[in-house]
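Summary of structural features
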Amino acid sequence: MLRWPRLRLKASLRFRLGLLILSVIALSAALGVWLPRVLGNVLGGALGSWLLIVGIALLPAFWLATTVLRPIQQLLRALSGTVASYRDGDFSQSLVVERNDELGELMATHNDLAAALRTQRAHLVQRELLLDTVMQNSPVALVLVDGHERIAYANIASRHVLSEGRSLNGLQFSEVLQRAPPALRAAATQQGDSLFSAE
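No experiment lies behind these values; they were computed from the predicted model shown. (Residues numbered from 1 in each chain as written. Predicted model: local features only at pLDDT ≥ 70, side-chain atom pairs only at ≥ 80, totals over all residues. Heavy atoms only, no water.)

Here we take up the overall build of the protein chain. On a plain count of helices and strands, the protein chain comes out with six helices and two strands. In the protein chain, the succession of α and β elements from N to C terminus is α-α-α-β-β-α-α-α. Taking all 199 residues of the protein chain together, the buried fraction comes to 23%. If you take every contact in the protein chain between residues at least 6 apart in sequence, the share linking residues at least 24 apart comes to 35%. (Helix = DSSP H or I, 4+ residues; strand = E, 2+ residues; numbered from the N terminus. Buried < 20%, exposed > 50% of the residue type's maximum accessible area, 1.4 Å probe, protein only. Contact = heavy atoms within 4.5 Å.)

Structure (structure tokens):
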């Protein structure tokens, strides 16, 4: 069995729209020459035949326009969905590229963007893990509080100093300081740097 190679021609959107317009013009011209004679004899009037010609010419024009615009509408819906998932932090979405025109190039570029975002996210996660490991194992007690004075981060050293090794996340910093040694409490309430000693 012989199989002919399937040619995939690159037809640009401009070419397709131009072909659509030429098809509508050619169809209108053909109907404008042939149909008035036939309809003029059947309907008996030129106005009725011209209205019918316009109606008949608009149907294929509408069908051709829908055929040309359908892939653009589908691509816009797909792009909207993937951008929404990117906004939510999910970079696993990508588009299936089956086109060989400008829309295919746009989809391939969009997939390249998704791959770049995935790579950047992976590097960022690795850096955060490395930074967290360094901060957790630091001998310096580190406590970060949010705008409501709740503890957002506390490393191992700070948990041993302030809470006998228990977790501090989510607690009010002022309440934790009440249980701290007096020298540490006084140093934490000052605005500037201070030096103190505590057992």
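Attention now moves to the packing of aromatic side chains. As enumerated under the stated definition, the model contains one aromatic pair in all. Each ring, one from Tyr86 and one from Phe91, has its centre 5.7 Å from the other, and the planes form 40°; the classification is tilted. (Phe/Tyr/Trp six-rings, centres within 6.5 Å; stacked < 30°, edge-to-face > 60°.)

With that settled, consider the pairing of strand 2 (residues 151–154). Within a regular beta strand, the side chains point alternately toward one face of the sheet and then the other, so they alternate between its two faces. As judged from the three bridges shared by strand 1 (residues 143–145) and strand 2, these two strands associate in the antiparallel manner. Along strand 2, the bridge assignment pairs Val145 with Ile151. Two successive antiparallel strands, strand 1 and strand 2, enclose a turn made up of five residues, where Glu149 displays a positive phi of approximately 65°. (Pairing = 2+ DSSP bridges.)

What follows covers the nonpolar core. Nonpolar side chains in soluble globular proteins tend to be buried together. Judged by nonpolar contacts, Ile151, Ala154, Leu162, Leu168, Phe173, Val176, Leu177, Ala180 and Leu184 together constitute the single largest core of nine residues. If you list the elements that add at least two residues to this core, you get strand 2 and helix 5 (173–178). The element contributing the most residues to this core is helix 5, with three residues. Not counting residues within four places of it along the chain, the set of residues in contact with Ala154 comprises Gln136, Leu142, Arg159, Leu168 and Asn169. (Core = buried A, V, L, I, M, F, W, Y, C linked by side-chain atoms within 4.5 Å.)

Here we come to unusual backbone geometry. Although it is not a glycine, Glu149 adopts a positive phi angle of roughly 65°. Among the secondary structure elements, Glu149 is positioned in the loop between strand 1 and strand 2. Residue classification places Glu149 among the partly exposed residues on the basis of a relative accessible area of 42%.

As a further point, take the pattern of salt bridges. The final tally for this structure, using the stated rule, is one salt bridge. Between Arg166 and Glu164 there is a salt bridge, with the nearest N and O atoms lying 3.5 Å from each other. (Salt bridge = Lys/Arg side-chain N within 4 Å of Asp/Glu carboxyl O.)

Bringing the side chain of Gln136 into the picture now. Looking at where Gln136 falls in the secondary structure, it is placed in helix 3 (residues 102–136). Judged by its relative accessible area of 18%, Gln136 falls in the buried class. Polar side-chain contacts of Gln136 include one of 3.3 Å to the backbone nitrogen of Ile156. Residue contacts for Gln136: discarding those within four places in its chain leaves Tyr153, Ala154, Asn155, Ile156 and Arg159. (Polar contact = N/O pair within 3.5 Å; in protein donor to acceptor, adjacent residues only side chain to side chain.)

Bringing the environment of Ser23 into the picture now. Mapped onto the elements of the fold, Ser23 is located in helix 1 (residues 13–43). In this structure Ser23 comes out as partly exposed when scored by relative accessible area, which is 29%. For the pair Ser23 and Pro60, spaced 37 residues apart in the sequence, the C-alpha separation amounts to 9.1 Å.

Here the focus is helix 4 (residues 156–163). Listed in full, the buried residues belonging to helix 4 are Ala157, Ser158, Leu162 and Ser163. Glu164 sits one or two residues past helix 4 and shows a positive phi near 55°.

Moving on, we come to the side chain of Gln172. Structurally, Gln172 is set in the loop between helix 4 and helix 5. Gln172 has contacts with His148, Glu149 and Arg150, leaving out every residue within four places of it along the chain.

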